[in-house]
Amino acid sequence: MRWFRADLHIHSALSPCGSLAMSPRRIVEEARKAGLSLIAICDHNAGENGVYVRRLAREFPVVLMGMEIQASEEVEILALFPEEEPCLALQEELYALLPPIPNDPELFGDQVVVDENEEIVRTVDKLLLSPVPLSLEEVTRRVEARGGLVIPAHVDRVPGGLLGVLGLFPPGEWPAVEIAPWTEVEEAKKRWPELQGRHLFRSSDAHYPKEIGRAWTELYLRAPTFSELSRAILEGGGRIIRPGPPLKEVGWSA
Amino acid sequence: MKLREVAEKLGLEFLVAAAPEAEVEDGYVSDLLSDVLAHAQPKQLWITHQRHLNVVAVAKLRELSGVVFARGIRPGPEVIQKAREEGLNLLVSSADAFETAGRLHRLLFP
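One structure accompanies this document, and this report is about it. Predicted, not measured: the structure shown is a model, and the values here were computed from it. (Residues numbered from 1 in each chain as written. Chains lettered and ligands numbered in written order. Predicted model: local features only at pLDDT ≥ 70, side-chain atom pairs only at ≥ 80, totals over all residues.)

## Considerations on the interface of chain B and chain A
Okay, step 1: Tallying the contact residues gives eleven residues for chain B and ten residues for chain A.
Okay, step 2: Among the elements of the structure, α2 (33-39) and α3 (54-61) of chain B are those that each provide at least two residues to the side of chain B that touches chain A.
Okay, step 3: Top contributing element to the side of chain B that touches chain A by residue count: α2 of chain B, with four residues.
Okay, step 4: For the side of chain B that touches chain A, a count of residues per class yields seven nonpolar, four polar and no charged. (Contact = placed C-beta atoms within 7 Å. Helix = DSSP H or I, 4+ residues; strand = E, 2+ residues; numbered from the N terminus. Nonpolar A, V, L, I, M, F, W, Y, C, P; charged D, E, K, R; others polar.)

Right, here's the structure in full:
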């Protein structure tokens, strides 16, 4: 086994709040520059641009399909998948459930699927920044039913973090959680003792190219793959998950 | 003022009347449970849109006199079940949070 650097929360041009410059090509370039071996493309309630990032990256870095799903409590979770099909199927399921609020690109930004040649494949009409009308538990169930991994995003953050919104962990496993890019681990464990004994991930939550890899997680694995990541969380077996250093600059917090 | 009287005067419907004689001294309005955990005070009546199960645990931890779901929002059966088990008052207001809080404030601090 050896150490790999992972950034499992990167937005693309498909997120309205994500920069249009976050094309698959640019994401791959920046991820390579940042020395990342494993990344995940997690747009708000959508995962389609992951398909094109994977085509370009050719496993350098390894790219997981993903989504940042906003549950009805306005808690956000990362859903990671080893394959394209289950992620795209869930994306379609969630899209049908999203409220019929059209995106106003002037107000929120563009929501575009961009291919490996920097061409716009399509524009997504409904605003992806809305919560889906499913509880956190139901979202979790649907992700896991499709073979995905659930990692609650930036748990200590308000808005959007599980602990920030819900105050404490609801019943359930939640073995792995993401902390905000700027969170000091020891301070967070004092404020939220329930973080003890859970695997803590740190990611960039990048919305702009220069933010990719600004925060990361060190993984000690056989290979930077979904199955090794999954085993690190569920089994251990000598695998290690260690959040990288916090960003100096603090953003949203509780 | 007793919760039963507050409910009558504000037209609140009891979903779980675990302790209708509970004292209401004040109110609190928030949808963020972390905020309620940090800042709500005992004997406050909590007005919220949040219907996650953790509402019950947070309200008990802060020793609130009850939870009022605003704008006719109804929590799921597991929340109601949990509130019964924990002895927590749950109510619904057909008015929105602003109106409900305004009426409660006028009632408690005329």
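Next comes the rest of the description.
## Overview of the environment of V177 of chain A
Residue and element names in this part refer to chain A.
Okay, step 1: Residue placement: V177 occurs in strand β8 (residues 176-179).
Okay, step 2: What makes V177 buried here is the crowd of 25 C-beta atoms within 10 Å.
Okay, step 3: In this structure the C-alpha to C-alpha distance between V177 and V150, which are 27 residues apart in sequence, comes to 8.3 Å.
Okay, step 4: With sequence-adjacent residues up to four places away left out, V177 is seen in contact with I151, P152, V155, R198 and L200. (Buried ≥ 20, exposed ≤ 12 C-beta atoms within 10 Å, placed from the backbone.)

## What to know about the sheet that holds strand β11 (residues 240-243) of chain A
All names here are of chain A.
Okay, step 1: The strand order β7-β4-β3-β2-β1-β10-β11 describes an open sheet built from seven strands, whose pairing is mixed. Strands with a single pairing partner mark the edges of an open sheet, and in this sheet they are β7 (149-152) and β11. With strand direction ignored, the average angle separating the axes of adjacent strands in the sheet is 30 degrees.
Okay, step 2: In this structure, strand β3 (residues 62-70) lies alongside strand β4 (residues 76-81), joined through six bridges in antiparallel fashion. (Pairing = 2+ DSSP bridges. Axes fitted to C-alpha atoms, helices over the stretch in contact; angles between N-to-C directions.)

## A look at the sheet that holds strand β2 (residues 26-29) of chain B
All names here are of chain B.
Okay, step 1: Strand order in this open sheet of five strands is β1-β5-β4-β3-β2, and the pairing throughout is mixed. Edge positions in the open sheet fall to β1 (13-16) and β2, since each of these has one partner strand only. Adjacent strand axes in the sheet meet at a mean angle of 30 degrees, parallel and antiparallel pairs treated alike.
Okay, step 2: Bridging between strand β3 (residues 44-48) and strand β4 (residues 66-69) involves four bridges; their strand directions are parallel. Opposite L45, over in β4, you have G66 as the bridge partner.
Okay, step 3: Lying over the sheet, helix α5 (residues 97-108) contacts β2, β3 and β4, oriented at roughly 165 degrees with respect to β2.

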